Amino acid sequence: MSKRYEEAKEQYAKIGVDTELAIKKLEAASISMHCWQGDDIAGFDRDGALTGGIQATGNYPGKARTPQELMADIDEALSLIPGKHRLNLHANYAIFEEGEFADRDKLEPRHFKKWVEFAKERGLGLDFNPTYFSHPNAETFTLSSPDEEIRKFWIDHGKACIRIAQYFAEELNTYSLVNIWIPDGYKDVPADRMAPRARLKDSLDQILAVDFDHDKVFVSVESKVFGIGMESYTVGSHEFYMNYAAQNDVLCLLDNGHFHPTEQVADKISAMLLFYDRLALHVTRGVRWDSDHVVRLNDEVSEIAKEIVAADALHRVMIGLDFFDASINRVFAWVVGMRNMQKALMLALLTPNGKLAKLQDEGRLTELMMWQEELKLYPFGDVWNEFCERNNVPAKEDWFQEIARYEADVLTARG
């Protein structure tokens, strides 16, 4: 225990904050790290350009090209991130034996056996996402397609993904979150908004009819306000999914890049938690649109963390990250994004939320603002550094030395 931490501990104690409890709670908070940052969401089931409004810009050297390279990069990232976390897979990361291939509607648990072995060895939980993009059958519409053959293909894909998630949960003895997002929509004003949504509703009903253990597999649906190629109409809107989730006992996933730039996901969290037992999040950073930039410790992320902690809902909110930046070192992006999400949670845990709420209830808003501003200068960094040291990862900027070494020794050799 450093002298700086001891001094910080005393300062926080004076305002009613227990730093030891904050560290303990943060150690128990698992974040789901997305596999697709490591290879620009290309996956292993086919070659070709990304489709469905998905873009990873940049060509930084060292992209993972094989499952082995991706797993090595994930290991490197996790070695620099304090705590124990989860890994979030997309279905296009299936690993086939030589000469084998299964299309997405025919995927089976065995195609993810190597990921389960990887997770078991490291004590990780696995979350899962059907991949409704970058496929010939996703060139127009997927679960809302008017082509019944295409729609059935994607329904079967969704069912397969739930079965795979059940396999994850049973093998790893922890839940698996299956998140459904589709890129269906229109670039210009549609003639009929109702029919595509009716087809999407029916598709989801069919997917959820598959037999699975609802205590082990949680299904979430993820909305989007607009995207590339669907600027005027998104079939899976927030209103559609929020109502569908409420009616069908599934989770509503909020991605803070999927709303209008003036909307704050932080403001939605307490509203959702009053009506749902659990809430799922994808934390990202949109710059003028849903551009999936690497998570920074900014006001938006801090407010999201504050709302989760103030509601005492760390055990109810499933936090995952979602970004893919190919313009910088990809392993660095994972590490800085994960650590920033944890820093935001640490800031929230070091906030005297009860004290501030009392000031609000008593109408002492001037004093409330004073505390909100003064807390920004409290030594949370010293508590964060202590947290890192206790979890055997480098504190402050020291972790970047390992990133530089890994790039020089491993990534640059990939060409």
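Residues numbered from 1 in each chain as written. Predicted model: local features only at pLDDT ≥ 70, side-chain atom pairs only at ≥ 80, totals over all residues. Heavy atoms only, no water.

1. Observations regarding the overall build of the protein
Next, step 1: On a plain count of helices and strands, the protein comes out with 14 helices and 10 strands.
Next, step 2: Against the 2.2 N^0.38 benchmark of 22 Å for 415 residues, the protein shows a C-alpha radius of gyration of 22 Å, consistent with a compact globule.
Next, step 3: Approximately 18700 Å² of the protein is accessible, and the part contributed by carbon and sulfur atoms is 49%.
Next, step 4: Here the protein carries 47 positive and 68 negative side-chain charges, and the mean point of each set is 2 Å from the other. (Helix = DSSP H or I, 4+ residues; strand = E, 2+ residues; numbered from the N terminus. Rg over C-alpha atoms; globule rule 2.2 N^0.38 Å. Areas by Shrake-Rupley, 256 points an atom, 1.4 Å probe, with all protein chains shown as cover. Lys, Arg positive; Asp, Glu negative; His and termini not counted. Charge placed at Lys NZ, Arg CZ, Asp CG, Glu CD.)

2. Re the environment of Asn 179
Next, step 1: Of note, Asn 179 is situated in strand β4 (residues 176-180).
Next, step 2: Residue class for Asn 179 comes out buried when judged on its relative accessible area of 3%.
Next, step 3: Spatially, the C-alpha atom of Asn 179 lies 18 Å from that of Leu 124, the residues being 55 residues apart in sequence.
Next, step 4: Ignoring sequence-local partners within four residues, the contact set of Asn 179 consists of Phe 128, Asn 129, Pro 130, Ser 220, Val 221, Glu 222, Leu 253 and His 282. (Buried < 20%, exposed > 50% of the residue type's maximum accessible area, 1.4 Å probe, protein only. Contact = heavy atoms within 4.5 Å.)

3. Let's talk about the side chain of Ser 291
Next, step 1: As for its position among the elements, Ser 291 is in the loop between β9 (279-283) and α9 (299-310).
Next, step 2: A distance of 2.8 Å separates the side chain of Ser 291 from the backbone nitrogen of Val 287, its partner in a polar contact.
Next, step 3: Ser 291 has contacts with Arg 285 and Gly 286, leaving out every residue within four places of it along the chain. (Polar contact = N/O pair within 3.5 Å; in protein donor to acceptor, adjacent residues only side chain to side chain.)

4. Notes on the nonpolar core
Next, step 1: Trp 115, Leu 143, Leu 281 and Met 341 are the most contacted members of the largest nonpolar core, which has 132 residues in total.
Next, step 2: Ranked by the residues each element gives to this core, the list is headed by helix α10 (residues 330-349), at 12 residues.
Next, step 3: Excluding residues that lie within four positions of it along the chain, Leu 143 makes contacts with Tyr 132, Arg 151, Trp 154, Ile 155, Ile 180, Ile 182, Asp 184, Arg 199, Leu 200, Ser 203, Leu 204 and Ile 207.
Next, step 4: In this structure, Leu 177, Leu 251, Ala 280 and Met 318 belong to the second largest nonpolar core, which totals six residues. (Core = buried A, V, L, I, M, F, W, Y, C linked by side-chain atoms within 4.5 Å.)

5. Details of the UniProt feature "binding site: Mn(2+)" (unreviewed entry) in the protein
Next, step 1: In the UniProt entry, the feature "binding site: Mn(2+)" (unreviewed entry) is given for His 258, Asp 290 and Asp 292. Taken along the chain, the residues just named run across 35 residues; in space they keep tight, none of their C-alpha pairs more than 9.7 Å apart.
Next, step 2: For Asp 290, the location among the structural elements is in the loop between β9 and α9.
Next, step 3: For Asp 290, a relative accessible area of 7% puts it in the buried group. (UniProt positions renumbered as here; feature names shortened; annotations may be inferred.)

6. Comments concerning the pattern of salt bridges
Next, step 1: All told, the structure shown has 30 salt bridges when counted by the stated rule.
Next, step 2: The residue Arg 414 makes a salt bridge to Glu 69 at a minimum N-O spacing of 3.7 Å. A residue pair is termed long-range when its members are at least 10 positions apart, and Arg 414 in the segment after α14 (399-409) and Glu 69 in helix α3 (residues 67-78) qualify at 345 residues. Each member of the pair Arg 414 and Glu 69 is classed as buried.
Next, step 3: A salt bridge links Glu 303 to Lys 306; the shortest N-O distance between them is 3.1 Å. Remark: Lys 306 and Glu 303 occur in helix α9; sequence separation between them is three residues, near one turn of the helix.
Next, step 4: If you follow the salt bridges from partner to partner, you end up with Arg 65, Glu 69, Asp 73 and Arg 414 in one network. (Salt bridge = Lys/Arg side-chain N within 4 Å of Asp/Glu carboxyl O.)

7. Focus: the pairing of strand β3 (residues 125-129)
Next, step 1: Burial of β3 is extensive: five of the five residues sit out of reach of the surface.
Next, step 2: Bridge analysis of strand β2 (residues 86-90) against β3 gives five bridges, and the strand direction is parallel. Counterpart to Arg 86 in the pairing with β3 is Gly 125.
Next, step 3: Following the backbone out of β2, through helix α4 (residues 113-122) and into the adjacent parallel β3, one traces a crossover that is right-handed. (Pairing = 2+ DSSP bridges. Right-handed = clockwise from strand over helix to strand, strands pointing away.)

8. A short note on the packing of α3 against α10
Next, step 1: In the contact formed by α3 and α10, the axes pass within 9 Å of each other and the chain directions differ by 40°. In terms of orientation, α3 lies oblique with respect to α10. Our pair here, α3 against α10, has a crossing hand that is right-handed. Mapping the contact onto sequence places Leu 70, Asp 73, Ile 74, Glu 76 and Ala 77 in α3 and Val 331, Trp 334 and Val 335 in α10.
Next, step 2: Its residues assigned to classes, the contact of α3 with α10 comprises six nonpolar, no polar and two charged. (Axes fitted to C-alpha atoms, helices over the stretch in contact; angles between N-to-C directions. Parallel < 35°, antiparallel > 145°, perpendicular 65-115°, else oblique. Left-handed = near helix turned anticlockwise from the far one by under 90°. Nonpolar A, V, L, I, M, F, W, Y, C, P; charged D, E, K, R; others polar.)

9. A word on unusual backbone geometry
Next, step 1: Not every positive phi belongs to a glycine, and Asn 392 is a case in point at roughly 60°.
Next, step 2: A positive phi angle is found at Lys 396, which is not glycine, with a value near 45°.
Next, step 3: Examined against the element boundaries, Lys 396 turns out to sit in the loop between α13 (380-390) and α14.
Next, step 4: Looking at Lys 396, the relative accessible area reads 52%, which means it is exposed.

10. Overview of the state of the cysteines
Next, step 1: In total, this model carries zero disulfides according to the counting rule given.
Next, step 2: You can see Cys 161 has no disulfide; the closest cysteine sulfur is in Cys 35, sitting 12 Å from it.
Next, step 3: By relative accessible area, which is 0% here, Cys 161 ends up buried. (Disulfide = S-S within 2.5 Å.)

11. A short note on the packing of aromatic side chains
Next, step 1: A complete count under the given rule lists 20 aromatic pairs for this structure.
Next, step 2: With a centroid separation of 5.6 Å and an interplanar angle of 45°, the aromatic rings of Trp 384 and Phe 387 are classed as tilted. In this pair, Trp 384 and Phe 387 both sit in helix α13, three residues apart, roughly one turn of the helix.
Next, step 3: Judged by its relative accessible area of 3%, Trp 384 is buried.
Next, step 4: When its relative accessible area of 0% is taken as the criterion, Phe 387 is described as buried. (Phe/Tyr/Trp six-rings, centres within 6.5 Å; stacked < 30°, edge-to-face > 60°.)

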